[in-house]
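Below are the chains, spelled out letter by letter.
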Amino acid sequence: MSAPDHGHSGLAAFRHLDFSLYQIERFLIVAALEMQSVAVGWQVYEITRRPLDLGLVGLAQFLPNIILFLVAGHAADRISRKKVLIFCNAGFALCSALLIAIARSEPRDVKAIYAVLVLLGVVRAFSSPAGRSMLPLLVPTQVFPNAVAWNATMFQGATILGPALGGLLYALFGGPSGVYSTSVVVCALATIALARIHLRPSPRPDEEVSTRTVLAGLHYIWAHKVILGAISLDLFAVLLGGAVALLPVYAREILRTGPWGLGLLRASPGAGAAIMAILLAYRPLRRRVGKVMLFCVAGFGVFTIVFGFSDSLALSLASLFLVGAFDMVSVVIRGTLVQIATPDAVRGRVVAVEMIFIGTSNEFGEFESGVTAQWLGLVPAVVLGGVGTLVIVGLCTWLFPELRKTQTLTPMQIEEPSPT
């Protein structure tokens with residue numbers, strides 16, 4: 001199911017049909033969920049008129065990940081990942097169908113919507129580790145960094161298109177039902193693409209379910225300092241550098257701009273990330289990737305500081321563009337290192353741990369930024385977050401020399417821990 005390898009081509013990963021089908025499936029699912037998210041947020045706020053309820057929308061979907069990530073990772077390593085994803089896509093469609101029924105009943109409270117969102121969070125908890133750990137089974141190792149870069153690009157595209165389409169459909173249909181119906185159709189199309197994928201064979205040993213096997217992902221990350229260092233670096237950098245959460249206040253109070261300016265500010269990191277991901281697909285990193293990752297996370301912190309001090313819309317847009325671009329380099333390197341340094345037998349559990357770490361940093365990073373801004377003021381909160389990111393880079397450089405010494409994104413460069 002694959003063409004000859006062209007490791008130096010910018011489109012190398014797409015020469016493999018299974019990877020192309022996976023990108024179609026993933027783009028459609030992410031876009032469907034983003035459309036659905038816009039409709040849910042607007043519907044909930046129309047019913048309650050309380051901003052707090054919008055925060056609870058995110059919490060309802062996030063808590064199942066915290067509770068189930070170990071089980072979900074174990075399932076991804078014991079059950080066919082393709083089958084897990086097919087069931088998850090059916091679960092996403094079911095959630096959209098339930099939201100259609102709720103919307104047509106014209107609810108006066110949001111309890112039923114929250115119940116569906118919890119179910120959606122459960123489905124996402126199983127979908128994420130199964131989907132991401134399937135990626136290395138779609139392309140040869142030599143083009144895997146190219147696959148990671150395009151995977152990130154497609155995700156960025158879906159997160160840009162999905163909300164815009166969701167808002168447009170909400171307006172066209174005069175309510176959320178049309179958005180949810182479209183999501184059901186898109187989930188079905190994604191499942192058709194998924195069903196045609198053939199995974200490369202990768203035998204996995206039979207394991208009895210036990211505390212040891214469920215916790216294998218945590219143990220593996222702790223034992224492999226390259227992976228631990230990469231995840232820790234990204235975790236704390238995002239946790240401290242959450243300037244995006246404060247953009248509405250910055251737009252109004254510092255930059256004196258309106259909703260159009262806020263839209264540009266919100267789009268800038270995504271634009272920087274998407275362009276950098278495409279650049280990395282055509283010009284992959286080949287040397288000193290550990291040092292490049294540390295440098296780029298430092299760049300993320302530096303331009304967070306620049307944004308914090310800026311009172312110019314143009315400078316702020318440029319700073320956020322570079323924040324997104326530097327962050328994407330880190331994302332591609334981390335994603336590649338974690339995948340290629342992990343045997344397929346435990347990849348689902350390792351990815352589940354990685355995703356809960358990164359997901360937690362995103363959620364709590366926004367919370368940390370809000371609390372710090374409340375205590376210290378807007379500009380000090382953002383600037384201190386950038387400074388904190390630079391401190392974390394220094395600590396990770398010292399604590400994880402294995403990461404700093406990593407040269408290339410190939411399995412041969414990953415050192416195994418000594419047996420104990």
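Calculation rules
Residues numbered from 1 in each chain as written. Predicted model: local features only at pLDDT ≥ 70, side-chain atom pairs only at ≥ 80, totals over all residues. Heavy atoms only, no water. Helix = DSSP H or I, 4+ residues; strand = E, 2+ residues; numbered from the N terminus. Buried < 20%, exposed > 50% of the residue type's maximum accessible area, 1.4 Å probe, protein only. Contact = heavy atoms within 4.5 Å. Expected span 1.5 Å × (residues − 1). Axes fitted to C-alpha atoms, helices over the stretch in contact; angles between N-to-C directions. Parallel < 35°, antiparallel > 145°, perpendicular 65-115°, else oblique. Left-handed = near helix turned anticlockwise from the far one by under 90°. Core = buried A, V, L, I, M, F, W, Y, C linked by side-chain atoms within 4.5 Å. Polar contact = N/O pair within 3.5 Å; in protein donor to acceptor, adjacent residues only side chain to side chain.

Okay, the environment of Leu 120 next. By the element assignment, Leu 120 lies in helix H4 (residues 111–134). By relative accessible area, which is 3% here, Leu 120 ends up buried. In sequence terms Leu 120 and Ser 96 are 24 residues apart; their C-alpha atoms lie 9.1 Å from each other. Leu 120 has contacts with Leu 33, Gln 36, Gln 61, Phe 92 and Cys 95, leaving out every residue within four places of it along the chain.

A rise of 1.5 Å per residue sets the reference length of helix H1 (residues 17–48), with its 32 residues, at 46 Å; its end C-alpha atoms lie 47 Å apart and thus fit the reference within 8%. Positive phi shows up at Arg 49, right after H1, with a value of about 60°.

When the terminal C-alpha atoms of helix H6 (residues 177–195) are compared, their 27 Å separation across 19 residues agrees well with the 27 Å that a helix rising 1.5 Å per residue should span. Among the residues of H6, Ser 177, Gly 178, Val 179, Tyr 180, Ser 183, Val 186, Cys 187, Ala 190, Ala 193 and Leu 194 are the ones counted as buried. In this structure, the buried residues of H6 make contact with H1, helix H3 (81–104), H4 and helix H5 (144–173).

This part covers the environment of Ala 76. Checked against the element boundaries, Ala 76 lands in helix H2 (residues 51–78). Separated by 52 residues in the primary sequence, Ala 76 and Ser 128 have C-alpha atoms spaced 9.3 Å apart.

This paragraph deals with unusual backbone geometry. A positive phi is found at Glu 106, a non-glycine position, where the angle reads about 50°. Within the fold, Glu 106 resides in the loop between H3 and H4. Of note in the backbone geometry, Arg 288 takes a positive phi value of approximately 50° without being a glycine. Mapped onto the secondary structure, Arg 288 falls in the loop between helix H11 (259–282) and helix H12 (289–309).

This paragraph deals with the packing of H12 against helix H15 (residues 378–399). Axis separation between H12 and H15 bottoms out at 8 Å; the angle between their running directions is 165°. Between H12 and H15, the angle is such that the two are roughly antiparallel. Where H12 crosses over H15, the two elements pack in a sense that is left-handed. Side by side, H12 and H15 meet where Leu 294, Val 297, Ala 298, Phe 300, Gly 301, Val 302, Thr 304, Ile 305, Phe 307, Gly 308 and Phe 309 of the first sit next to Val 379, Val 382, Val 383, Gly 386, Val 387, Thr 389, Leu 390, Val 393, Cys 396 and Thr 397 of the second.

Quick look at the nonpolar core now. Where a protein is soluble and globular, its nonpolar side chains tend to be buried together. Among the nonpolar cores identified, the biggest contains 95 residues, and Phe 19, Val 40, Ile 113, Leu 117, Val 139 and Leu 233 are the most heavily contacted of them. Excluding residues within four positions of it along the chain, Phe 19 makes contact with Ala 13, Phe 14, Leu 135, Leu 138, Val 139, Ala 147, Trp 150 and Asn 151. With 9 residues, the next largest nonpolar core counts Ala 251, Leu 255, Phe 307 and Leu 378 among its residues.

What follows is about the side chain of Ser 133. Positionally, Ser 133 belongs in helix H4. On the basis of relative accessible area, Ser 133 is assigned to the buried category, the value being 0%. Among the polar contacts made by the side chain of Ser 133, one reaches the side chain of Arg 81 at a distance of 3.3 Å. Ignoring any residue separated from it by four or fewer positions in sequence, one finds Ser 133 in contact with Ala 76, Arg 81, Gln 339, Asp 344, Arg 347, Gly 348 and Val 351.

Without other data, these values stay purely geometric and don't point to any function.
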